[in-house]
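Fold and contact review
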Amino acid sequence: MRQPPGDGEASSEGPGNWSLWRGQESRRLCYADPHRCGQALLQIGINMMALPGGRHLESIPLQGQRLHLMQVDSVQRWMEDLKLMTECECMCVLQAKPISLEEDTQGDLILAGGPGPGDSLQLLLKRGWVISTELRRIGQKLAQDRWARVHSMSVRLTCHARSMVNEYSVVSKSSSQEMGQAEKLLMEKCSELSALVRKIDASDNIYTTEATTGNLFSLTQEGAPLCRIIAKEGGVVALFKVCRQDSFRCLYPQALRTLASICCVEEGVHQLEKVDGVLCLADILTDDSHSEATRAEAAAVVAQVTSPHLPFTQHLSSFLESMEEIVTALIKLCQEASSGEVFLLASAALANITFFDTMACEMLLQLNAIHVLLEACSDKQRVDTPYTRDQIVTILANMSVLEQCASDIIQENGVQLIMDMLSEKPRSATPAEAAACERVQQKAAVTLARLCRDPDVAQEAVRLSCMSRLIELCRSPSERNSSDAVLVACLAALRRLAGVCPEGLQDSDFQQLVQPRLVDAFLLCSNMEESFV
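Under the annotation held in an unreviewed UniProt entry, the protein carries the name INSC spindle orientation adaptor protein and is attributed to Nannospalax galili.

Structural data, given as structure tokens:
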């Protein structure tokens, strides 16, 4: 079973992009006072000159400092040092970001895991990214004329720089032959890629095009860098050329699946827009003469290019022109889907579109989408995994901001379905499925909170014992897989219901979960699973 598309790279920032950031941060350092920049760089240089086996010069206490350290309580000293050594674990309730306003107080950046065989280059790239991040932090402090933590930050930067030099020395001595082989392999891949794109573009033979498209799809599975190269070499143009020729209709699913893989990167989406790819996708989706597999793969491409996880997909101006046709076709595909995978791809595209533009929710309401989606939930052939239910509840959550949605939900017995989703449990122990269940629970609680603006929905929720389930999710971390996001959503829904039907709560629940501030209730519930030694 394929998971819903749209989980491409969220940003180009990362270990592989550290050299670009290094150049930017060097320019930012120049914005601060030149004399102070010089002092900061001199401090870094002094630390760099410390002997490899010795301590930093600043860490050697003078006589007065020794006396001061003896007079300070050891626990107090430990707590002061702890601020510079650990990452803040306290999370802001709604934003999921560290509470601290000081970016550098999050502590040192740690490289996850040790180097494995063949991972030397990747380790160096990650180390360089950490160094560029530390430089950025120092640059921000200097630009803001805030010197309090520049010393500790320079020490961290020095340690990372020395580690990178040592790691590079080891790599350069032991793996020069491996690097040569990797370079040769990379050049071969690039040559193969260019040849494949040219062959697809020039071939009129269906068998040659099929084999070439299959090889190109295999290359897209090797990561975003190759997808960028394919897009720049004209791969998107060549694949849409295939999708516009009736003689290649049997190759449409394969070509569209390759396009969905390429469009996980910004270059692929830009090329799609340049060749009017959205119009081509709309034509395929609205043409009933195409096979269900073809329309499902076209839906996968739509889901990819409208993914809310990719910031560059929010500027597809051409999509708005064809949105009504696409949404109508996707609802029809959900209604007629013969398998869970087809329904998953179509519903994932609809879910992403509801994030893409608010008009989509009004279109779905007019197209009786609530009836189609809720009816499908009772069909195990179409809706059989948490991934699919995640797409359905996403659509319901986004549609529930419309006032007229509440009556449709009640009419289709949708409150009972939302109640069932609050009890979503993974059938396997895989982390992906557990995360999908968390999302279903969170979005079900969000949907319930929004719909309970309507008194009729609130009364129905109380009748179905939704308050009891929400309290259980708040008080029992195991019921929500210890998810903070689920906890916040359940607290919000419970407070909304309590405002309509306060008699449904016991005094202890009201005093602990409803009466306090949301932050205090969150901290109370999140501490229920902690054990202090």
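All right, on to the overall build of the protein then. When you go through the protein residue by residue, the secondary structure sums to 27 helices and zero strands. Per-residue burial for the protein yields a buried fraction of 45% across its 533 residues. Taking as baseline every contact in the protein between residues at least 6 positions apart, the subset at least 24 positions apart corresponds to 73%. Total accessible area on the protein stands at roughly 27300 Å², and carbon and sulfur atoms take up 54% of it.

This next bit is on helix H13 (residues 277–286). Where burial is concerned, most of H13 is hidden: seven out of the ten residues are buried. All of the buried residues in H13 are Gly277, Val278, Cys280, Leu281, Ala282, Ile284 and Leu285. Turning to H13, the residues buried within the fold contact helix H10 (235–243), helix H11 (252–262), helix H12 (266–274), helix H14 (292–305) and helix H15 (317–336).

On to the state of the cysteines. Tallying each qualifying case throughout the model produces zero disulfides. Of all cysteine sulfurs, the one in cysteine 474 lies closest to cysteine 525, which takes part in no disulfide; the gap is 5.2 Å. Of the residues examined, cysteine 525 reaches a relative accessible area of 0% and is grouped as buried.

On to the packing of aromatic side chains. Remark: the centre distance and the inter-plane angle together describe each pair of aromatic rings, the angle taken between the planes. Applying the stated criterion across every chain, the model contains one aromatic pair. When the centroid spacing of 5.0 Å and the interplanar angle of 75° are considered together, the rings of phenylalanine 319 and phenylalanine 356 count as edge-to-face. Of this pair, phenylalanine 319 sits in helix H15 while phenylalanine 356 sits in helix H16 (residues 340–356), and the two are 37 residues apart along the sequence. For phenylalanine 319, a relative accessible area of 1% gives the class buried. A residue is classified by how much of its surface remains accessible, and phenylalanine 356, at 11% relative accessible area, is buried.

In total, this model carries 18 salt bridges according to the counting rule given. Among the salt bridges present, the one from arginine 249 reaches aspartate 246, with a minimum N-O distance of 3.7 Å. Taking relative accessible area as the criterion, arginine 249 reaches 30% and is therefore assigned partly exposed. Two residues, arginine 469 and glutamate 472, come together in a salt bridge whose shortest N-O distance is 2.9 Å. Pair noted here: arginine 469 and glutamate 472 are both in helix H24 (residues 466–475), with a separation of three residues, about one helical turn. For arginine 469, a relative accessible area of 6% puts it in the buried group. Connected via shared salt-bridge partners are Lys425, Arg469, Glu472 and Glu479.

Reading the values: the criteria
- Residues numbered from 1 in each chain as written.
- Predicted model: local features only at pLDDT ≥ 70, side-chain atom pairs only at ≥ 80, totals over all residues.
- Heavy atoms only, no water.
- Helix = DSSP H or I, 4+ residues; strand = E, 2+ residues; numbered from the N terminus.
- Buried < 20%, exposed > 50% of the residue type's maximum accessible area, 1.4 Å probe, protein only.
- Contact = heavy atoms within 4.5 Å.
- Areas by Shrake-Rupley, 256 points an atom, 1.4 Å probe, with all protein chains shown as cover.
- Disulfide = S-S within 2.5 Å.
- Phe/Tyr/Trp six-rings, centres within 6.5 Å; stacked < 30°, edge-to-face > 60°.
- Salt bridge = Lys/Arg side-chain N within 4 Å of Asp/Glu carboxyl O.

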